[in-house]
Amino acid sequence: MSQEAYDHTAVESRWQEAWADASVYRTADDVDDPTYVLGMYPYPSGKLHMGHVRNYTITDAYARYRRMRGDDVLHPMGWDAFGLPAENAAKERDTNPRDWTFDCIDTMRGQMKSMGFGYDWDREITTCTPEYYEWNQWLFSRFSDAGLVERREAEVNWCPSCETVLADEQVEGDAELCWRCDTPVETRDLDQWFLKITEYADELLEAIDDLEGWPNSVRQMQRNWIGRQHGSEVDFRIEGHGSVRAFTTRLDTIHGATFFALAPDHPISEELAAEDDAVHEFVRHEADPDGDEPNGVETGLTATNPVTGEEIPVFVADFVLSDVGTGALMAVPAHDERDHAFATKKGVEIRPVIAPEPDDWDGETIPDAPDVSEAAFTDDGVLVDSGEYGGLDSETARERLTEEIEGAEESTQYQLRDWGISRQRYWGTPIPVVHCDDCGPVSVPDEDLPVELPEFINTTGNPLDAAEEWKATTCPDCGAAATRETDTMDTFVDSSWYFLRYVSPDLADAPFDLDRANDWMPVDQYVGGIEHAVMHLLYSRFFTKVLADEEGLDHREPFTNLLAQGMVQLDGEKMSKSKGNVVSPQRIVEEYGADTARLFMLQAAQPERDFDWSEEGVKSTHRFLARLSDLVEGYAAGDVATVGRDADRDTVDEYVADEVDAAVAIAGDEYDDLTFNVALREAQDLVRTLRSYREHAEPHPDVYERGLDVAVRLLAPVAPHLAEELWETLGRDGFVVEADWPSATADRETVERRRRLVANTREDVRDIVEVAGIEDPERIDVVVAPDWKYDALEIAIDSDADNLISELMQESHIRAQGDEAASYGQDLQAEREALSGTLSGDEEYAALRAAAWLIEREFDAPVVVERANDAPDDVARKAEPGRPAIDIAE
RNA sequence: GCGGGGGUGGCUGAGCCUGGCCAAAAGCGGCGGACUUAAGAUCCGCUCCUGUAGAGGUUCGAGGGUUCGAAUCCCUUCCCCCGCACCA
């Protein structure tokens, strides 16, 4: 047999063409409810990288597996084709974003095809085409109709280098750098378009609990991002400035409020800065919200505590953030760490008003106040020194105080902000609005959509601003001269509903076919990188909910199961161009073939874990495929000496047949769980078993051929080209991609017990041979326990009687064993709690006979497997269920 | 700080939810053997300690607990990674 690698290039291109010609990945519009398998569509940056390959290998393998299981499968692909890099690239290359993007798409589509990814390319979508972005505009108008669009001036993150607005999420790190170019981000006030995602904050938060197919980490990140907090708002009066509202989650601590603090950009701080030099100095120069130290300046004003009437000093402090709560807070240094630090620094009183609840608290006695001189006590407890509220527990006190303080009310705060979708860039969806001097901003009527992008103009600012002809239009309402909105949409708008477009990608009068979407959604299995845990996944959930409320979609969540795939690393480090440690998928495909790359990736680790790329591993995977190829081709070519097809099966044949069953039973479970690594190990082990079957025995053709056939099918989802080639070599009809998944006659528990029995018995023989120092065994007897012991074991497992022995003795055939039964009964009694089921005596006998050749081969001695009745008593006596007696003659 | 995930044999890493078949899968590395002129590849074993018949001992970050029985459940504690964070 040769160890030459098979010609992967020829094999792969041959089947890629055959699949395409036969449209095997096409999902017809009239299927009822296909299994929807989706990988996050890529930004067409130029070439596929290993992260893409891993992502799409996972979805492809799963899609193929589901298809073999008999499901209709929807497995589409598209392009997240708008975005800033295209503009930058166009400028660098003196071309335009459209041409550059489509070039990239062509390259990447070709790479995907060469990887053998089985997409329904008839459903391909490209977000930068008017046919797609028209529906972004249409949806914008629907959101607008539903009152979910707002235009307002907002302080935005502005990247001076990209000359664009960034979402909060696109600003990275404490240094606040642009996510694309690492330039420090500035702030600007601009009129911006917002989608009111906060209207859905409660549902987005609460529905996370039901997303049981999502990883906990992602669910938790979304909860944090939404950041809902229940508390109270309460008014403090500041002389000369009226009432100032503060939000607190700890209204129970209000008697301990010893100062009041305002954000540097709070309106009152601004007023004070105008008249007070110290405040001005602080607000304009000293305030450092990003620093670790809380800084502040005393204003000389006092605020009136609405409960106690006490006058407390007012500070302007940089640890107070204007976008948190109300931008003003009552500070309780005794019970808040940050307030404590500030009070210590400024010498403000620290007055404890909450004591830890005593262990034996009677619910009435007021405990002693805790010592808070060194650190705040931040837990809930019992109120002390709080007037009529003393002795209440924190929670009750909060409720009563909220009720009884004049003007106080319950309030819920969110960290989630409305989604600013305006971008001052060219390469995005034009926001479908016209600005009219008389009518203000007016939506472009649906019949005038899409508002298409004009030709690209190479300019430093926003090219749409420079497109004078395009900008000039008329007001849809009054017909007067008007100008177009020049902002484009954040590309996350595109990706918030693209999974719906695949359902009906060519539909001309709606974004998606509602009936079909209701049948086909949600996505059953979504796979992508963890970096989209918050933005893309949250926005998609938001869109889905709005479409459910406004457009009759029957689903409120887009993705049932989510897999966040791990990174492909090199020597423990993330691959990146800047580190120069990138492995090119292109090279791997050329050198080893797509099947090798796919198989290596999936068997290297569980899909959600990071793993190290290893050239050695790739080579070893490639050799495996070559061996498999040899094995199948050798058989097909008649090079394997087999027994006649009508020969009886001997024990080796039975063993191999059992192992084939075992592989099927285990691999199927593991594919279901997306633990490809385990499934593939099983398939690889099966190939190894078949090889040694060929080497050490004359295979039975039925058994051997079924083994090869099963191995090919188990590997088909991951190594589809070679599987297809070998499927044909075996003379099977049709495509393996359309073949049925193999079925097993044994369940997983049985095959695992069988394997364990065989493995334990083999180990025991080795132990004996070694420990007893047997040089050259002459004969090995393996004796399976008598049936009555299996019966006794079963009774013992089911029994809850105190006296097991008397229960056993009620069985006449056990009682008939006399002392032996009593002795075994005592053993069972002693291990009562630890007993577990085994195979039946007959099954054990069959399994051991089938495996006997392994022992024979290893020790070069005949092995006799027999039932207890046929063996000498002194040997048979030691046999127990799950543990045959072993007698070795020297 | 809060939240999430982890700490397992020389290394990587499964097992932990649903306690017992766990001295603990698999891979790598190492050792021995087969094949080969040789190397490579492949195949068969071994790889915590002790042991002349399948046994015993000590292990799963540390310490306690529950249980007939704990890598697995509970508590305390230390360390690592990820996300969020001067969030009122």
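In this text, all values refer to a predicted model and were calculated from it rather than measured experimentally.

1. Re the sheet that holds strand E21 (residues 433–436)
Here is step 1: As summarised here, the arrangement of the four strands in space is E22-E21-E24-E23, forming an open sheet in which the pairing is antiparallel. Every interior strand has two partners, whereas the edge strands, strand E22 (440–443) and strand E23 (472–474), have only one. The average angle at which neighbouring strand axes cross in this sheet is 45 degrees, direction not considered.
Here is step 2: The pairing of E23 with strand E24 (residues 481–484) spans three bridges and is antiparallel. Bridging from a neighbouring strand, Thr474 pairs with Ala481 of E24.

2. Regarding the sheet that holds strand E33 (residues 885–889)
Here is step 1: The three strands lie next to each other as E32-E31-E33, forming an open sheet whose pairing is mixed. In this open sheet, the two edge strands, each paired with only one partner strand, are strand E32 (863–867) and E33. Geometrically, the sheet is characterised by an average inter-axis angle of 20 degrees between neighbouring strands, direction not taken into account.
Here is step 2: Across the sheet, helix H25 (residues 748–771) is in contact with strand E31 (779–784) and E33; its angle to E33 comes to roughly 40 degrees.
Here is step 3: Sitting on the sheet, helix H30 (residues 841–859) is in contact with E31 and E32, with an inclination near 170 degrees to E32.

3. A closer look at helix H18 (residues 585–592)
Here is step 1: Of all the positions in H18, only Pro585, Ile588, Val589 and Tyr592 are classed as buried. For H18, the arc enclosing every buried residue in end-on projection is 100 degrees, short of the 170-degree limit, so these residues lie on one face.
Here is step 2: Those residues of H18 that are buried are in contact with helix H1 (8–22), helix H2 (50–68), helix H4 (97–114), helix H19 (594–604) and helix H20 (615–636).
Here is step 3: The backbone nitrogen of Gln586 lies 3.2 Å from a side-chain oxygen of the residue at the head of H18, namely Ser584.
Here is step 4: Following H18 by one or two positions, Gly593 has its phi on the positive side, about 100 degrees.

4. Examining the packing of aromatic side chains
The relative placement of two aromatic rings is captured by the distance of their centres and the angle of their planes.
Here is step 1: Under the counting rule described, the total for this entry stands at 38 aromatic pairs.
Here is step 2: Where Tyr62 meets Tyr65, the ring centres are 6.5 Å apart and the plane angle is 35 degrees; that geometry is what we call tilted. Of this pair, Tyr62 and Tyr65 both sit in helix H2, three residues apart, which is roughly one turn of the helix.
Here is step 3: Exposure remark for Tyr62: the relative accessible area of 11% places this residue in the buried category.

Calculation notes
- Every chain is numbered independently, its residues counted from 1 as its sequence is written.
- Numbering of ligands from 1 and lettering of chains from A proceed in the order in which they are written.
- Only residues with pLDDT of at least 70 get local features here, since the model is predicted, and only at 80 or more are side-chain atom pairs given and counted; chain-wide, interface and lining totals rely on the full set of residues.
- Hydrogens and water molecules were not included; the side-chain quantities draw on all heavy atoms of the structure.
- At least two bridges found by DSSP between two strands is the condition for calling them paired.
- Secondary structure follows DSSP: runs of H or I at least 4 residues long count as helices, runs of E at least 2 residues long count as strands, and numbering of each begins at the N terminus.
- Every angle, taken between N-to-C directions, lies between 0 and 180 degrees, and every axis is a line fitted to C-alpha atoms, over only the stretch in contact when it is a helix.
- Throughout, a residue-residue contact means that at least one pair of heavy atoms, one from each residue, lies within 4.5 Å.
- Exposure is judged per residue with a 1.4 Å probe applied to protein chains only, and the accessible area is read against the type maximum: over 50% gives exposed, under 20% gives buried, and values in between give partly exposed.
- Each C-beta atom gives one direction from the helix axis, and the arc is the one those directions make.
- Under the rule applied, a polar contact is a pair of N or O atoms within 3.5 Å (in protein, one hydrogen donor and one hydrogen acceptor; residues adjacent in sequence only if both atoms are side-chain atoms).
- Note on aromatic pairs: the rings of Phe, Tyr and Trp (six-membered ring only in Trp) are paired at centre separations within 6.5 Å, and the planes decide the class, stacked below 30 degrees, edge-to-face beyond 60, tilted for the rest.

Treat this as a map of the structure, not an account of what it does.
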